[in-house]
Every structure is written in C-alpha cells, then in structure tokens.
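Descriptive analysis of the structure
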Amino acid sequence: MPQPCELVPGPQDRDGYVIQVEELVRKYGSLVAVDHVSFQVRRGEIFGFLGPNGAGKTTTINVLCTLLKPTGGRAQVNGYDVVRHPDAVRQSIGLVFQDPSLDDRLTAWENLKFHAMLYDVPDTLFRQRAPEVLDLVELTPFARKEVRTFSGGMKRRLEIARGLVHCPHVLFLDEPTLGLDPQSRRHIWDYILAMRAQSGLTIFLTTHYMDEAEHADRVAIMDHGKIVALDTPANLKGLVGGDVVLLRTSDDSRAAERLQASFRVSPQVSPEGLRLEVDQGDQFIPQAIAALTNSTGPLVEVHSASVNRPTLEDVFIKLTGRAIRDEELDAAGQMRQHGRMRRRAGMGGH
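Conventions we followed
Residues numbered from 1 in each chain as written. Predicted model: local features only at pLDDT ≥ 70, side-chain atom pairs only at ≥ 80, totals over all residues. Heavy atoms only, no water. Helix = DSSP H or I, 4+ residues; strand = E, 2+ residues; numbered from the N terminus. Expected span 1.5 Å × (residues − 1). Buried < 20%, exposed > 50% of the residue type's maximum accessible area, 1.4 Å probe, protein only. Contact = heavy atoms within 4.5 Å. Phe/Tyr/Trp six-rings, centres within 6.5 Å; stacked < 30°, edge-to-face > 60°. Lys NZ or Arg CZ within 6 Å of the ring centre and 35° of its normal. Axes fitted to C-alpha atoms, helices over the stretch in contact; angles between N-to-C directions. Left-handed = near helix turned anticlockwise from the far one by under 90°. Core = buried A, V, L, I, M, F, W, Y, C linked by side-chain atoms within 4.5 Å. Pairing = 2+ DSSP bridges.

Our focus in this paragraph is helix α4 (residues 123-136). Taking 1.5 Å per residue as the helical rise, α4 with its 14 residues ought to reach 20 Å, and the 20 Å between its terminal C-alpha atoms agrees with that figure. Along α4, the residues classified as buried are F126, R129, A130, E132, V133, L134 and L136. In this fold, the buried residues of α4 make contact with α3 (108-118), α5 (152-164) and α6 (182-199). In the segment just after α4, E138 is the residue with positive phi, at about 55°.

See the structure below:
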C-alpha cells in the first residue's frame, strides 16, 4: 500500500474543502453543457457525479482539470484557481481519462516513469512510489511487461497507479470502469476504497453505474448541465417515498388510471412497466392486482409484479421522469463525444 504523501493544502484552501465551484458555466456555441453549477468537495471525500452520458459530468471534470476553460463562474482545486493558476492545479491532481491513454509499446514501469518525468517527480521519489502504486493495483509481476499484452482491466489499474505516482491531492476518475467486465469493475473499486482508507486521498468520480455511486460519501445527480440533487446516497434515496413497485400489465395507461382512482397514488408509465412509490409494497401488490382484475370495464391483466427498496436509479427517475439508461449513448457515441471534447481542449478550450 502506498505510504501517504505529504499533502500541503493550497494557499486559499478554506474549511477543509479541496474543490470549490461557484456558478460554473461551460458553453459550446449555443449549447450550454454546464449550467451555473455550484458545489464543494471535502478533503478525503469520495465525491460522485451521477447522470446519463451528455449530462455535463465529463465537461465539469475537464474544467476542474484545466482541460477546458469555463465560460463563466469560477472553480478552485487545492486552493488554486483553474484559470489563473492551471499549472498549480495540474500538479495537485491525478486524472484517469474515460478513454485509454497509455502507451501500449512501453512497459508498465516505463509508462509510470514517463508520467513522473512530466510532473518533475525526483528520481528518488519515483523509485519509492512506483513499486508502491504497482503493488496497490497488483501489477508488480507485470512491471516489465509491455502494456499491449495487458487486458482491459489491467490497463485501467495501471492508469490508476499512474495517476498516483506524483502524490496528487485529488484523483479524478472519469467513468473508471466503463467497458470492463463485472469482476474487473469490482477489483477496481477494491483498489479505490483501499486508497482512500489508507491515505485519505480525495476521489472525484463520474459514473452512470448505480452500484458505483453507492460507494461515494456524497453524490451530485446531474441532468442537462444542472445539479438536480446533492446529498449522501442514503439521504437521496430517502427522497423516494416508501417501496418501489413495478407492475407489467396488458394496458399500463388504463392500469395507471384505475390505481390512481383507487389508491390516490401517482403511477409513472415507462417502457419497463408501471412504477409506483408506496408504503409496504408487499401488502400493496395483492390489493393492486385485485383492483385491476376485479373492476368494471375492460379487463387489465397483470403479467408480473415486483417490489424493491429505493435505489439511486429510482431517485433519478423521480427527479427527471426517466431512467439514466434511457439517455445513454452507445459505445461509439461515447468515444465520439469524448474525442470532440479532447480536441476542443487541445485548441485552448475556446
């Protein structure tokens, strides 16, 4: 496990917040990608951005990492303004991109060494840190292997190790497990949680995976460039009243009308079926089936019924009226979108 680095707070660090964002705006022409967003991140916190692709998560992270210039508002990372002191911000952060960014023709050790050179890490510190971070992500036996021989999960683990070599104050993870199999995703999170537990590192992540967002101390739900809610996962789930019942029927629209009239509930019709928030969902289901099948008028058949405790997906549906996956891009669309953002960043963020 890497030893904690000596992390000296920046010159304007206030009240234990390592990230401070006030009324941040980022536009692409007439498109407002980030719309007057404000939030703070405490030191040592795992802070999650949850939302569909295109919600503004990656744009926000790119502004905080100085890859894009904000159109309006202000942001500080480790006490440094992202516009006025970009070099100090970059020295304070580690970044794992959504897309692969390793040199496949170099070994794992050489990739770490090249990164350390870019950050002016002294050779004595590099020789201490490199074995530590490789050990953290269980890649020590592969240190001298070319990265082109690595699996997708191994490459992602090496990217995390690379982001830690220079002792950052904040590690930014943009969709850290995108495209990985479930076992690799679970391992990545084992490493992330171990890092935080051992070193107190601040971790800022974007994700659209519900189970990953559950690991965060606080979650900001983002939609159409705005933060629509920000709290702990438990408190966010408390916004959903009672249990979540999902019914699949022969006519969801007619079923919604009957249930609303019978129980004074507010069902939501979605492609997945009829969704309701009720107390004691297990007792409500038999009553709902009876109301639908025994009422006068055309018969409404109930094909299936399920009850679950609220999830962050349910919170997003309640706040936006749709599921996150309804908004997701396909893999090619994700790559095109991120590529456009990276090209714009290379042109100075204008």
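As a further point, take the packing of aromatic side chains. Within the structure shown, the criterion is met by 10 aromatic pairs. Relative to F204, the ring of F172 lies with its centre 5.3 Å away and its plane at 45°, an arrangement referred to as tilted. Placement of the pair is F172 in strand β7 (residues 170-174) and F204 in strand β8 (residues 202-207), with a sequence separation of 32 residues. The buried category is assigned to F204, whose relative accessible area is 0%. Three or more aromatic residues joined by ring pairs make a cluster, and in this case those are F39, F47, F49, F172 and F204. Above the ring of Y209, the side-chain terminus of R185 is found at 3.9 Å from the ring centroid.

Here we come to the packing of α3 against α5. In the contact formed by α3 and α5, the axes pass within 9 Å of each other and the chain directions differ by 30°. Seen along the crossing, α3 lies across α5 with a hand that is right-handed. Contact with α3, carried on its side by A108, N111, L112 and H115, involves L158, A161 and R162 of α5 and no other residues of that element.

Of all hydrophobic cores here, the largest spans 49 residues; its most connected members are L112 and L158. Each residue touching L158, except ones within four places of it in the same chain, is listed here: L102, A108, N111, L112, L134, L139, V147 and F150. Residues V41, V77, I93 and F97 belong to the second largest nonpolar core, which totals 30 residues.

Turning our eyes to something else, we now look at the sheet that holds strand β4 (residues 72-77). Pairing within the open sheet is antiparallel, and its 4 strands lie in the order β2-β1-β4-β5. The sheet terminates laterally at β2 (31-42) and β5 (80-81), the two strands that pair on one side only. Summarising the sheet, strand β1 (residues 17-28) and β4 pair through 5 bridges and their orientation is antiparallel. Bridging from a neighbouring strand, V25 pairs with G72 of β4. Running at roughly 120° to β1, helix α1 (residues 57-64) makes contact with β1, β2 and β4 of the sheet.

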